[in-house]
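Next come the chains, spelled out residue by residue.
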Amino acid sequence: SSGINAEWPLRPGEEGHRDYHEDDVREAEKLVDEMSGDVLIGDVLSRKPRPDQSIENVIIVDNIPVTVSAKVLKLTNVLLKIFSKCGKIETHHIPLDENQKTKGYMFIVYKTGQEATNAISSCNGYKLDKTHCFAVNRLSDFEHCMNIPEQWEEPSPEPYKPQVNLKSWLSEPDCYDQFAIVHGKVRTTGVHSCGQSQAIQVQQRENWTESHVKFSPKGSYLATCHKQGIALWGGPDFSRVGRFLHPNVTYFQFSPCEKYFVTYSKTSFTPEEPQNLIIWETRSCLNKRAFTLPVLNYWPYFKWSHDGQYFATITGDTLAIYATPSMKLLDNKKLSVPNIRDFLWCPSENWIAYWQSENKNIPARVTIMSVPDCEPISYKNLFSVTNIAIYWQNSGNYLAVKVDRTIKKEKSTDCDSALIPLL
């Protein structure tokens, strides 16, 4: 030949033939033995139950709407939006029957048992609409009901734990009011009583707050602000009675009845949880509803009715009124009020006074409206108005209206006032 040493592949069975397939298999088996399970089946192991996961994390939500499979995705999104407020949902399942309709209940698995407890406390009895009221139970409760012993045993009574007296300051013999002062480099906070000749120190602590403090409207709580959230203190020794986990709180607010507490932060929890305004139940410290808002430079964002049944805010040309404890919009819609500028709740009734600015040939107007029917009780038209301020009398019998007007001839601003009687 031409001198080129060409090697041709040998056929199986010929002298010198090597079975490369068998060698590859042996090398692969050796490699598999050396590799960890996380590399080989990481996606499977990631779904392996963790030690902190148990049946205590699982809840059953009964009385959800029965619908066809085509609407299951929409129903699921609505339900998860409600229950995700109570904690991180690991997984969920809505069973379907043979006709591909939902069976009226669903399973939800939370990350921790405490989150499942929060869901039971806040969502059991939740009214989704007029015909669906949730019944929320832990899955372990069903197993307990299935294993009830035939012979009843009387449970041993738990020892009584006295609750902190949040109204202890009312028993002060001289009925002195209390006030708090924050001072010094270490943020020393002192609570004092207003004595006849000088203030009397009741409690003082260093680093009690990281910014400011605030008493609740009825004096039951003292709120302190911290990087991790807000702490509540009460009783004769000002022991801690609650805390709200909301990092970097900028503003906070009690409802007039002290049943609800509102916190706002300019930053959200996480990108997955962008809500930065949260309404809590004060006594249980449960998250009742959260909102995602832009950066606020004013406070309060919500204004509350005197009894805490409603809270409202202005969004554009609408008045959004929410009802408690559902935290849903009244009649599931915002109230259209063109050119609304401000509003104020009556201190004794569920009435709202609001004013609208002039618009072309339409005069400014001050209106008093009842809630929840949203029907006007009284109104007054005002002309040549630049600004209006409204003030309720303490007992709610009168509404004072301060009006700023522009005098065209003199190009100056005049001010007058009107009193709207409600008796």
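Residues numbered from 1 in each chain as written. Predicted model: local features only at pLDDT ≥ 70, side-chain atom pairs only at ≥ 80, totals over all residues. Heavy atoms only, no water.

S.K.: Describe in detail the overall build of the protein chain, supporting the description with residues and values.
M.R.: Of the regular secondary structure elements, the protein chain holds 6 helices and 27 strands. The burial tally for the protein chain puts 35% of its 423 residues in the buried class. Sequence separation of at least 24 residues holds for 42% of the intrachain contacts in the protein chain that already meet a minimum separation of 6. About 26900 Å² of surface is accessible on the protein chain, with carbon and sulfur atoms providing 52% of the total. (Helix = DSSP H or I, 4+ residues; strand = E, 2+ residues; numbered from the N terminus. Buried < 20%, exposed > 50% of the residue type's maximum accessible area, 1.4 Å probe, protein only. Contact = heavy atoms within 4.5 Å. Areas by Shrake-Rupley, 256 points an atom, 1.4 Å probe, with all protein chains shown as cover.)

S.K.: Residue-level account of the pattern of salt bridges, with values.
M.R.: Pairing between side chains becomes possible if they bear opposite charge and their charged atoms approach one another. Under the counting rule described, the total for this entry stands at 3 salt bridges. Where Glu56 meets Arg138, a salt bridge forms, and the shortest distance between an N and an O atom there is 3.4 Å. Note that Glu56 is positioned in the loop between α3 (42-45) and β1 (58-62) and Arg138 in strand β4 (residues 135-138), a separation of 82 residues in sequence. Of the residues examined, Glu56 reaches a relative accessible area of 35% and is grouped as partly exposed. Residue Arg138 is classed as buried on the basis of its relative accessible area of 12%. In this structure, the salt-bridge partner of Lys402 is Asp404, at a minimum N-O distance of 3.3 Å. (Salt bridge = Lys/Arg side-chain N within 4 Å of Asp/Glu carboxyl O.)

S.K.: Can you lay out the sheet that holds strand β7 (residues 199-205) for me, pointing to particular residues and giving the numbers?
M.R.: Strand order in the open sheet formed by 3 strands is β5-β6-β7, and the pairing between neighbours is antiparallel. Each of the sheet's edge strands pairs with one partner strand only, and the pair in question is β5 (178-183) and β7. Along the sheet, successive strands turn relative to each other by an average axial angle of 25 degrees, direction set aside. Relative to β7, strand β6 (residues 188-194) is paired through 6 bridges, and the arrangement is antiparallel. Within β7, the residue paired with His192 across the bridge is Gln201. (Pairing = 2+ DSSP bridges. Axes fitted to C-alpha atoms, helices over the stretch in contact; angles between N-to-C directions.)

S.K.: So what's going on with helix α4 (residues 72-83)? Residues and values would help.
M.R.: Helix length check: α4, at 12 residues, gives a terminal C-alpha distance of 16 Å against a target of 16 Å (1.5 Å per residue), a fit within 8%. Of the residues making up α4, those classed as buried are Val72, Leu75, Thr76, Leu79, Leu80, Ile82 and Phe83. Summarising the axial view, the buried residues of α4 lie within an arc of 155 degrees, below the 170-degree limit, and thus occupy one face. Those residues of α4 that are exposed and aimed more than 90 degrees away from the buried face are Leu73, Lys74 and Lys81. (Expected span 1.5 Å × (residues − 1). Arc of directions from axis to C-beta.)

S.K.: Help me get a handle on the sheet that holds strand β21 (residues 340-345), residues and values and all.
M.R.: The 4 strands are arranged β21-β22-β23-β24 in an open sheet whose pairing can be described as antiparallel. Whereas interior strands pair on both sides, the edge strands pair on one side only; in this sheet they are β21 and β24 (376-382). For this sheet, the mean inter-axis angle between neighbouring strands, taken without regard to orientation, is 15 degrees.

S.K.: Explain the environment of Arg283 to me, using residue names and the numbers behind them.
M.R.: With respect to the helices, strands and loops of the structure, Arg283 is situated in the loop between β14 (277-281) and β15 (286-291). Taking the C-alpha atoms as reference, Arg283 lies 8.2 Å from Tyr260; in sequence the two are 23 residues apart.

S.K.: A description of the side chain of Ser168 should follow, citing residues and the corresponding values.
M.R.: Its place among the elements puts Ser168 in the loop between α6 (139-146) and β5. Once you skip the residues sitting within four places of it in the chain, Ser168 turns out to touch Gly235 and Pro236.

S.K.: Give me the lowdown on the pairing of strand β13 (residues 260-265), citing residues and values where you can.
M.R.: When you tally the buried positions in β13, you get 6 out of 6 residues, the bulk of the element. Both strand β12 (residues 249-254) and β13 contribute to a ladder of 5 bridges, which runs antiparallel. Counted as the bridge partner of Phe254 is Phe261 from β13. Counting the residues in the hairpin turn of β12 and β13 gives 5 residues, including Glu258, whose phi is positive at 70 degrees. Where β13 lies against β14, 5 bridges are found, and the strand directions are antiparallel.

S.K.: Describe unusual backbone geometry, naming the residues involved and giving the relevant values.
M.R.: In this chain, Thr324 is followed by Pro325 through a cis amide linkage whose omega measures 5 degrees. With respect to the helices and strands, Pro325 occurs in the loop between β18 (318-323) and β19 (328-329). Following Val371, the chain continues into Pro372 via a peptide bond in cis, with omega recorded as 20 degrees. Assignment of secondary structure puts Pro372 in the loop between β23 (364-370) and β24. Although it is not a glycine, Cys285 sits at a positive phi angle of roughly 60 degrees. Assignment of secondary structure puts Cys285 in the loop between β14 and β15. You will see that Ser384, though not glycine, has its phi angle at about 55 degrees, which is positive. Along the polypeptide, Ser384 turns up in the loop between β24 and β25 (385-392).

S.K.: Report on the confidence of the model for the protein chain, specifying residues and quantitative values.
M.R.: The predicted model of the protein chain has a mean per-residue pLDDT of 85, with 82% of residues at 70 or higher. When pLDDT is averaged over each element of the protein chain, strand β16 (residues 303-304) comes out on top at 98 and helix α2 (residues 37-40) at the bottom at 54. In the model, residues 1-8 has pLDDT below 50 throughout and makes 0 contacts with residues more than four positions away in sequence or in other chains. (pLDDT = per-residue confidence, 0-100.)

S.K.: Explain the nonpolar core to me, and be specific about the residues and the numbers.
M.R.: Counting 19 residues, the largest nonpolar core has Ile59, Val61, Ile64, Phe83, Tyr110 and Phe134 as its most contacted members. Breaking this core down by element, the ones donating at least two residues are β1, α4, β3 (105-110) and α5 (113-123). For this core, the leading source of residues is α4, giving 4 residues. Among all residues touching Ile59, those that are not within four sequence positions of it are Phe83, Met106, Phe107, Ile108, Tyr110, Ala116, Ala119, Ile120, Val136, Asn137, Arg138 and Leu139. (Core = buried A, V, L, I, M, F, W, Y, C linked by side-chain atoms within 4.5 Å.)

S.K.: Describe in detail the side chain of Ser357, supporting the description with residues and values.
M.R.: As for its position among the elements, Ser357 is in the loop between β22 (351-356) and β23. Separated by 3.3 Å, the side chains of Ser357 and Arg341 make a polar contact. Those residues in contact with Ser357 that lie beyond four places of it in its chain are Asn339, Arg341, Pro363 and Ala364. (Polar contact = N/O pair within 3.5 Å; in protein donor to acceptor, adjacent residues only side chain to side chain.)

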